[in-house]
Amino acid sequence: MRIYIPERLQTERAPKGVKTPWLKGRATKWMVVRDWWVCIDGVWFLVPAGYIFNGSSIPWWLWWLFPPSFAPAWEASALHDWFYSHLYHQVSKTFADAAFRAVMLYDDAPEVVANVFHAAVSRFGKGGW
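Predicted model only: the values in this text are computed from it and were never measured.

S.K.: It is not clear to me how the pattern of salt bridges should be interpreted in this structure. Could you clarify?
M.R.: Here the structure, examined in full by the defined rule, presents six salt bridges. Arg2 is paired through a salt bridge with Asp41; the nearest N and O atoms lie 3.9 Å apart. Note that Arg2 is positioned in the segment before β1 (3-4) and Asp41 in the loop between β4 (36-40) and β5 (43-47), a separation of 39 residues in sequence. Among the residues examined, Arg2 registers a relative accessible area of 56% and is labelled exposed. Asp107 is the salt-bridge partner of Arg8, the closest N and O atoms lying 2.9 Å from each other. A residue pair is termed long-range when its members are at least 10 positions apart, and Arg8 in the loop between β1 and β2 (11-13) and Asp107 in the loop between α2 (93-106) and α3 (111-124) qualify at 99 residues. For Asp107, a relative accessible area of 18% gives the class buried. In the salt-bridge network here, residues are joined through shared partners; they are Arg8, Glu75 and Asp107.

Listed below in structure tokens is the structure:
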């Protein structure tokens, strides 16, 4: 996949008590501050300002190694969560999972780490499909 991200993702902690039925777990919730655009193979995708995600959905007992805010997966997690929670009628799970890996690589994740994360979301990721 060819990835182009013209501007970095800007986030802040989400307000407490905000309803996010697509998120589970104890991780801190984050809100996208400004519309964020990602181009994948010439197709533009928008993660809108106000969207709330939780970083990487990693079991708490692995947070010592890969916390939910793990930098090489931060932007990939926001896009992946958006695909899973809101664009599941427009993109396939296979596409969403491959885009997750591709954005991690774009953000300089080591290939072995991107492959581990991709294997995890491919096997355990649950979206609207």
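Let us keep going from here.
S.K.: Please explain the packing of α2 against α3 as it appears in this structure.
M.R.: Helix packing for two helices is described by the angle between their axes and how far apart those axes are. Interhelical geometry of α2 versus α3 gives an angle of 160° and a closest axis separation of 9 Å. In terms of their interaxial angle, α2 and α3 are classed as roughly antiparallel. Considering how the two elements wind past one another, α2 and α3 form a crossing that is right-handed. Listed contacts from α3 to Lys93, Asp97, Ala98, Phe100, Arg101, Met104 and Leu105 of α2 are Glu111, Val113, Ala114, Asn115, Phe117, His118, Val121 and Ser122. Taken together, the residues of the contact of α2 with α3 sort by class into eight nonpolar, three polar and four charged.

S.K.: Just checking my understanding: could you explain the pairing of β5 for this structure?
M.R.: One face of the sheet, then the other: side chains in a regular strand alternate in exactly this way. Sheet topology places β4 next to β5; five bridges connect them, and they run antiparallel. Following the sheet pairing, Val38 is matched in β5 by Phe45. Here β4 hands over to β5 after two residues, with Asp41 in that stretch at a positive phi of 50°.

S.K.: Explanation requested: the sheet that holds strand β6 (residues 52-53) in the structure shown.
M.R.: Pairing between the strands of a sheet comes from backbone hydrogen bonds, and it takes one of two forms, parallel or antiparallel. The strand order across the open sheet formed by three strands is β2-β3-β6, and the pairing between neighbours is antiparallel. At either end of the open sheet lies a strand with only one pairing partner, and these are β2 and β6. Relative to strand β3 (residues 30-32), β2 runs antiparallel, the two being bridged by three bridges. For Glu12, the partnering residue across the bridge sits in β3 and is Met31.

S.K.: Explain unusual backbone geometry here, please?
M.R.: Positioned with a positive phi, Asp41 is a non-glycine residue whose angle comes to about 50°. Phi is positive for Asp108, close to 70°, though the residue is something other than glycine. Within the secondary structure layout, Asp108 lies in the loop between α2 and α3.

S.K.: When you look at the packing of aromatic side chains in this model, what are you seeing that I'm missing?
M.R.: Aromatic ring pairs are defined here through the distance separating the ring centres and the angle between the ring planes. According to the stated counting rule, one finds 10 aromatic pairs in the structure shown. Plain terms: the ring middles of Trp30 and Trp74 are 5.5 Å apart, the flat faces sit at 85° to each other, and that makes the pair edge-to-face. Here Trp30, found in strand β3, pairs with Trp74, found in helix α1 (residues 74-85); they are 44 residues apart in sequence, far enough to count as distant. The class for Trp74 is buried, based on a relative accessible area of 14%. Here Phe53 and Trp74 contribute two aromatic rings whose centre-to-centre distance is 5.0 Å and whose plane-to-plane angle is 55°, an arrangement assigned as tilted.

What counts and what doesn't
- Residues numbered from 1 in each chain as written.
- Predicted model: local features only at pLDDT ≥ 70, side-chain atom pairs only at ≥ 80, totals over all residues.
- Heavy atoms only, no water.
- Salt bridge = Lys/Arg side-chain N within 4 Å of Asp/Glu carboxyl O.
- Helix = DSSP H or I, 4+ residues; strand = E, 2+ residues; numbered from the N terminus.
- Buried < 20%, exposed > 50% of the residue type's maximum accessible area, 1.4 Å probe, protein only.
- Axes fitted to C-alpha atoms, helices over the stretch in contact; angles between N-to-C directions.
- Parallel < 35°, antiparallel > 145°, perpendicular 65-115°, else oblique.
- Left-handed = near helix turned anticlockwise from the far one by under 90°.
- Contact = heavy atoms within 4.5 Å.
- Nonpolar A, V, L, I, M, F, W, Y, C, P; charged D, E, K, R; others polar.
- Pairing = 2+ DSSP bridges.
- Phe/Tyr/Trp six-rings, centres within 6.5 Å; stacked < 30°, edge-to-face > 60°.

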